[in-house]
Structures are given as structure tokens and as C-alpha cells.
Amino acid sequence: MTNKDLANLIFPNIDKSIDYYENLYAERDLKEGSIVSRFAPSPTGFVHMGSLFSAFLASKVAHDTNGIFYIRIEDTDQERKVENGVENIIRDLTNFGIDIDEGVVGENEEIGKYGPYVQSKRRDIYQCYAKDLIEKGLAYPCFCSSAELDEIRNIQEVNKEEIGYYGSFAKCRYLSLEEQIKKIENGEKYVIRLKSPGDISHRVKIKDLIKGELEFPENNLDIVIIKSDGLPTYHFAHAIDDHLMHTTHIVRGDEWVSSLPVHLQLFQVLNFKFPKYAHLSPIMVQDGNSKRKLSKRKDAYAAISYYHELGIPNEAVKLYLMTIANSNFEAWYQSNPNGTIDDFKFDFKKVSSSGSLFDMDKLLNISKNYISYLSKEELYERVLQWAQKYDTELYQLYIDHKEDTIAFLNIERERKKPRKDYASFSEIKENSWYMYDELFDAKAKEYILPENISKEDAIDIIDLYLSKYYSENDSEDEWFAKMKEMCDSLGYASNIKEYKENKEQFKGSIVDISNTIRVIFTTKMTTPNLYDILKILGANRMKKRIDIFKR
Ligand code: GLU
């Protein structure tokens, strides 16, 4: 009896050698220094801000170095699988504008030479490497039932010993080949465990690209590498996949830091080159007086779909994520206002090793700023696209009134300091419905005039304005000069400074007059530049709105 007999008994259908896979998935033909990174989600539903953060940075480092960013689906935990899980993940990533070079790109679709990229389709590969370890005496079958494992645990707890399957507790490690084979032939259930060469009194050191120097006791646990269903555990699959797919950098959440001793040992036992690790701290949120991890259950804004529904541009979310990822990004962006994230070189050294605090106000501010610098046509197209999905009424209005809409969106835009009105596309309707007669006729009910102006005053002002001081073709200067003239004629101060000095001499100021006009045509006290709004409305629509005001 040899280890080879045992290996053949356990994996009778595995007829390839590990050399076969080593040759099949040959080294990538990339320039020195190119990073190969991946995002490796379990198909459990949607992409959450924390995982997007890892995916975004992993893709960023790969693309910064002309490398490869790929997607691998980690579905070895069949119980956690969710219907359409893969599709939702790919949709969230692509909607967000993350470029996927390789791997899974749809529910049953993948590209690239290093696949399959779905772990459940790689069973033979994992089993081949496990078979090889058994042959070499580096792994063995374990027949312990969960009751036996519980018993071991109880003893360890009572004796305050290290918990787990190791040393003299690792009973199946010491079974003879004959005993192992007999148990298998008797149909006993088993898993495959690594025969850990580690010693807990030894220390292992690793330099994490974000956390810096890390040091742990060596792993001495005989961890499971193949479960009883024949699929690998996450740890084993990670080592095999990242080796065969030639991942150079593993960017992932720091919940995996504690598994590093196991991962390093697997790479060592399997004789694989170590990848570089970059463990990201979780994004935190302020909750009352304390901080906690951003939670997909508690925080609606943890889901990526939240941003799409609100119409917060992807670029703004990315700018925000880069701000929390690299401490020098904000300053860089301020001095390169026309630059894009692609021009900025991400640096692992500048990532904070403690979790960044998620600041929605900051994200919205970035978004406001970003939207304010879009050209009028681009903003129109972006809102149109967004509305097609999330606001069909607005979509129709944008189609029917394209020219007026673009003119409105252009008010105080495309200049050095543009207006910053909207943090999201969903706010635009609330701030522009009055530009559409279809909405105005139904919605114009409440007019809040300046305090010192009664409805009668307002009617007098607007009638006089339209009959004597308004002309459709006036330039802005002419228009303003006439407004002033009208103020003077009605006893309102056309000069604010003068008004402030001698308030009692006037009925009010030019501000009251212009706001009265503004309210009559828009119902609102604050709007973008009034002259431009009147220009878009034109005399006929203005007259109709005066009738609506008077009714
Ligand atoms: N499948 C693991 C997860 O869902 C990926 C961890 C890794 O990136 O190595 O978190």
C-alpha cells in the first residue's frame, strides 16, 4: 500500500497531473511590473460599497500598470448561492463603469484563457492538486464526525488549549494507510485535510502593502482543503486559483488577514510563488457616538444600486472612493481639476490602514461639483438616460422639450464658477418642474411672495411690467436697466445700497420686484438666473402664467 494507492482510491477520475495544469495556464505575457488583480465575490446578491471599494481599487492598480483585472466567482459554498447572483454582481460592476478584462462577464459567460473562472467548475483542478498532496504525504483523509470534532473542541476549551484539529488531536493524521483505505472502502464520509508542517511556536512574517509588516504564529492546524462534497474550501481554492491565474496582487477586505498564516502555508506546501497582499480596512460609519462598519442591512446607501436610483454619477462615487482610498488624491484633484481618476496613480502606501469614515455629505458635495462641470449637452444626455429608467415622466418632458431643457440646464453653466445646484439627477425635477407647462399648470398652487408684497401689489407689478417694461428681445443689460426703471417708478429702490441706508423712504427694493416676478412665473423664490428663465418661457407662456397666478 502506498500513498499513491490512497490518492487513486480517493480520486479515481482524476487522471491528469498537476504539470498538465501548470503548462495549460502558462505565465502571462505581460510587461514587467504589470499587476494582475481580481475581484472574487461569492454570488450572494448585490455588490456592497465595501466590496465595490476593493473591486475598484483592484481594477485601478491593474489598469494603472497595463495589467489585467479579472472576475472570479467563488461559489464553493453552494448553500449561500443566490438566484441571479452572478448577473447582479456583473450588472452592478459594469453599471458602475469598472472595466473587466477577463473572467466572468455574465451569468454563463466568461472571457480569457485562465478559466473556468467559476470555482464550482474547477472541481477537477482542485482535486488534482489535492491528489498530488496526498501522494506526497502532505494531505490525508479525515473521517471525524461533527460530534467527534465537538468533543475535541470541548476538551480544548476546558483545558484552555488552542482550538482546532492539530497535533495529538488530529486523530486521522495517525491512521495507517490500511486503516484509511478500509474506512473509505466501508463508505465512511471524509474530508481531505492538509498535514500542516507548521509549528505554533514559530513566527511568520509578511509585508502587507497596506498594513505593513505583519507577524503571526505559524499555522499548525490541519485545515480542511476538500470538503465532503468534493469541493475545495475557500483557502485551498484561493491558493490554487490565484496561482494558476497568475494573480500578482490580492486586494481584499481585511477580514482575511487572520487567514494569512493558512494561506502562506498553502502556497509554501504547494510550492507556489507568493502573491502580494493588500488588505483594506472596512469602510466605517458614524452611528450616534460610536463608529461601526458600513452595513448592507442597516445602511441603504451601502448598496451600489442606491446611487444609480438617485442618479449620482458613477464618476462622483469613484472620485469619493479615491478620496478615501488615497490621502493625497484630493489635493491632486484640486490642482488637476480637468484630470480624471485615470490620470491619477494610485499608491498602496497612501491607503489608511485604519478604516475610513464614510461621509455622505462629502460624497454629495463631490457629486454636486462633478455635475456642475458637465457640459449642458452631456448633462441633458445623462439625465435623459437616468430618467428613462427611473422617471418616465421626466424622460418624456426631456424628449418633448429638448431645446428648452438644454437652455435651462445651461443657465450659469459652462463658466469658470458654475452653479452647483444638484448632487444627483433625481433632484433636478424638483428644481425645474416649473419650466414645463405640463407640470406647471397642475402644480402651481402655492405662491409665496416677498413679505411686503400682497397678491394685489403683485398683480399691479406684473401687469405694468408686461405692458411697459418687458420686451422679448432685450439683452440682459437692457432687461436689467428696465427693471430698475420700473422700480424707481413704483417707489422701490433700484439701488440696494441706497435702500439699506434709507429703508423708510421706499416700499421695498429691486429684490422684492424681481422676486415677485420670479414667483409669478415659477412659484419659487430662488431659481437660476431670472433673465434666462424668462427668455426660455417667452411672452406667450408668461401671459398664460400670469392668468394662472390671477385665478
Ligand atoms: N470570496 C471571498 C469573499 O467573498 C473573496 C476573498 C478574496 O478576495 O480573496 O470575500
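For the structure, see preceding data.
From a predicted model like this one, the values you see are computed outputs, not experimental measurements.

**Side note on the overall build of the protein chain**
Here is step 1 of the chain: Along its length, the protein chain carries 22 helices and 15 strands.
Here is step 2 of the chain: Taken over C-alpha atoms, the radius of gyration comes to 33 Å for the protein chain, far larger than the 24 Å a tight globule of 551 residues would show.
Here is step 3 of the chain: Its C-alpha atoms give the protein chain principal-axis dimensions of about 110 × 45 × 45 Å.
Here is step 4 of the chain: Taking all 551 residues of the protein chain together, the buried fraction comes to 51%.
Here is step 5 of the chain: Long-range pairs, those at least 24 residues apart, make up 71% of the contacts in the protein chain between residues at least 6 apart in sequence.
Here is step 6 of the chain: When the accessible surface of the protein chain is split by element, carbon and sulfur atoms take 47% of a total near 27200 Å².

**With respect to the packing of helix 19 (residues 476–490) against helix 21 (residues 510–522)**
Here is step 1 of the chain: Helix 21 packs onto helix 19 with a crossing angle of 115° between their chain directions and a minimal axis gap of 10 Å. With respect to each other, helix 19 and helix 21 are oriented roughly perpendicular. Crossing angle aside, the handedness with which helix 19 passes helix 21 is right-handed. Of the residues in helix 21, those in contact with F480, M483, K484, M486, C487 and L490 of helix 19 are I510, I513, S514 and I517.

**What to know about the site of the ligand**
Here is step 1 of the chain: Around the ligand sit R38, A40, S42, E74, Y234, R252 and W256, and that is every residue in its neighbourhood.
Here is step 2 of the chain: E74 places a side-chain nitrogen or oxygen 2.5 Å from a nitrogen atom of the ligand.
Here is step 3 of the chain: For the ligand, the protein covers 81% of the area, taking 300 Å² as the surface of the free molecule.
Here is step 4 of the chain: Here the shell around the ligand is composed, by residue class, of 3 nonpolar, 1 polar and 3 charged.

**With respect to helix 4 (residues 85–95)**
Here is step 1 of the chain: The complete set of buried residues in helix 4 reads G85, V86, I89, I90, D92 and L93. Taken down its axis, helix 4 places every buried residue within 160° of arc, on the same side.
Here is step 2 of the chain: Those residues of helix 4 that are buried are in contact with strand 1 (36–39), helix 3 (49–64), strand 2 (68–71), strand 3 (102–106) and helix 10 (304–310).

**Considerations on the side chain of H308**
Here is step 1 of the chain: Looking at the element boundaries, H308 is found in helix 10.
Here is step 2 of the chain: If we ignore the near neighbours within four places in the chain, the residues touching H308 are D92, N95, F96, N314, W386 and Y390.

**Regarding the nonpolar core**
Here is step 1 of the chain: Counting residues in each nonpolar core, the largest one holds 175 residues, and the members touching the most others are M49, L93, Y129, I225, F236, Y465 and I517.
Here is step 2 of the chain: Take this core: its biggest share by element is 11 residues, from helix 22 (residues 530–550).
Here is step 3 of the chain: Apart from residues lying up to four places away in sequence, I225 is in contact with A130, L133, A139, I192, R193, L194, L231, P232, T233, F236 and L266.

**Quick look at the pairing of strand 8 (residues 212–217)**
Note on strand geometry: in a regular strand, side chains alternate between the two faces of the sheet.
Here is step 1 of the chain: Strand direction decides the pairing type here: strand 7 (residues 203–208) and strand 8, joined by 6 bridges, are antiparallel. By the bridge assignment, D208 is partnered in strand 8 with G212.

**Brief notes about the pairing of strand 7**
Here is step 1 of the chain: A one-sided burial pattern is seen for strand 7, the buried positions being V204, I206 and D208 and the unburied ones R203, K205 and K207.
Here is step 2 of the chain: The turn joining strand 7 and strand 8, which pair antiparallel and follow one another in sequence, is formed by 3 residues.

**Observations concerning the pattern of salt bridges**
Here is step 1 of the chain: By the definition in use, this model includes 34 salt bridges.
Here is step 2 of the chain: Notably, a salt bridge pairs D241 with R122, separated by 2.8 Å at the nearest N-O pair. On the criterion of sequence distance, the pair formed by D241 in helix 8 (residues 234–244) and R122 in the loop between strand 4 (109–111) and helix 5 (123–135) is long-range, its members being 119 residues apart. Of the two residues, D241 and R122, both sit in the buried class.
Here is step 3 of the chain: Between E414 and K376 there is a salt bridge, with its nearest N and O atoms 3.8 Å apart. Linking E414 in the loop between helix 16 (402–409) and helix 17 (437–443) with K376 in helix 14 (residues 376–390), this pair joins segments that are 38 residues apart in sequence.
Here is step 4 of the chain: Residue class for E414 comes out partly exposed when judged on its relative accessible area of 46%.

**With respect to the side chain of K318**
Here is step 1 of the chain: In this structure, K318 sits in helix 11 (residues 314–325).
Here is step 2 of the chain: For K318, which is buried and forms no salt bridge, the nearest opposite charge comes from D342, at a distance of 6.4 Å.
Here is step 3 of the chain: Residue contacts for K318: discarding those within four places in its chain leaves F56, F96, G97 and I341.

**Considerations on helix 1 (residues 3–10)**
Here is step 1 of the chain: When helix 1 is considered as a whole, its buried residues turn out to be L6, A7 and I10. The buried residues of helix 1 occupy an angular sector of 100° when the element is viewed end-on, so they sit on one face.
Here is step 2 of the chain: Elements in contact with the buried residues of helix 1: helix 5, strand 5 (139–142), helix 7 (177–185) and strand 6 (191–194).

**Examining the sheet that holds strand 2**
Strand pairing in a sheet is mediated by backbone hydrogen bonds. Such pairs are either parallel or antiparallel.
Here is step 1 of the chain: Pairing in this open sheet of 4 strands is mixed, and the strands run 1-2-3-4 from one edge to the other. What marks the edges here is a single partner per strand, and that holds for strand 1 and strand 4. Averaged over all adjacent pairs, the angle separating strand axes in this sheet is 30°, with direction ignored.
Here is step 2 of the chain: Sheet topology note: the strand 2/strand 3 ladder contains 2 bridges and is parallel. Residue pairing across strands places I71 opposite G103, the latter belonging to strand 3.
Here is step 3 of the chain: Sheet contacts for helix 3: strand 1 and strand 2; angle to strand 1, the most-contacted strand, approximately 160°.

**Focus: the environment of L530**
Here is step 1 of the chain: Position of L530 among the secondary structure elements: in helix 22.
Here is step 2 of the chain: Once the C-alpha coordinates of L530 and G103 are considered, the two residues, 427 residues apart in sequence, prove to be 53 Å apart.
Here is step 3 of the chain: Other than its neighbours up to four places away in sequence, L530 contacts W479, S514, I517 and R518.

**Some remarks on the sheet that holds strand 6**
Here is step 1 of the chain: Pairing is antiparallel across the open sheet formed by 3 strands, whose spatial order is 5-6-9. Whereas interior strands pair on both sides, the edge strands pair on one side only; in this sheet they are strand 5 and strand 9 (224–226). With strand direction ignored, the average angle separating the axes of adjacent strands in the sheet is 45°.
Here is step 2 of the chain: Bridging between strand 6 and strand 9 involves 2 bridges; their strand directions are antiparallel. Its bridge partner lying in strand 9, I192 is registered against I226.
Here is step 3 of the chain: The sheet strands contacting helix 5 are strand 5, strand 6 and strand 9, and the helix crosses strand 9 at an angle near 125°.

Calculation criteria
- Residues numbered from 1 in each chain as written.
- Predicted model: local features only at pLDDT ≥ 70, side-chain atom pairs only at ≥ 80, totals over all residues.
- Heavy atoms only, no water.
- Helix = DSSP H or I, 4+ residues; strand = E, 2+ residues; numbered from the N terminus.
- Rg over C-alpha atoms; globule rule 2.2 N^0.38 Å.
- Buried < 20%, exposed > 50% of the residue type's maximum accessible area, 1.4 Å probe, protein only.
- Contact = heavy atoms within 4.5 Å.
- Areas by Shrake-Rupley, 256 points an atom, 1.4 Å probe, with all protein chains shown as cover.
- Axes fitted to C-alpha atoms, helices over the stretch in contact; angles between N-to-C directions.
- Parallel < 35°, antiparallel > 145°, perpendicular 65-115°, else oblique.
- Left-handed = near helix turned anticlockwise from the far one by under 90°.
- Near = heavy atom within 4 Å.
- Polar contact = N/O pair within 3.5 Å; in protein donor to acceptor, adjacent residues only side chain to side chain.
- Nonpolar A, V, L, I, M, F, W, Y, C, P; charged D, E, K, R; others polar.
- Arc of directions from axis to C-beta.
- Core = buried A, V, L, I, M, F, W, Y, C linked by side-chain atoms within 4.5 Å.
- Pairing = 2+ DSSP bridges.
- Salt bridge = Lys/Arg side-chain N within 4 Å of Asp/Glu carboxyl O.
- Lys, Arg positive; Asp, Glu negative; His and termini not counted.

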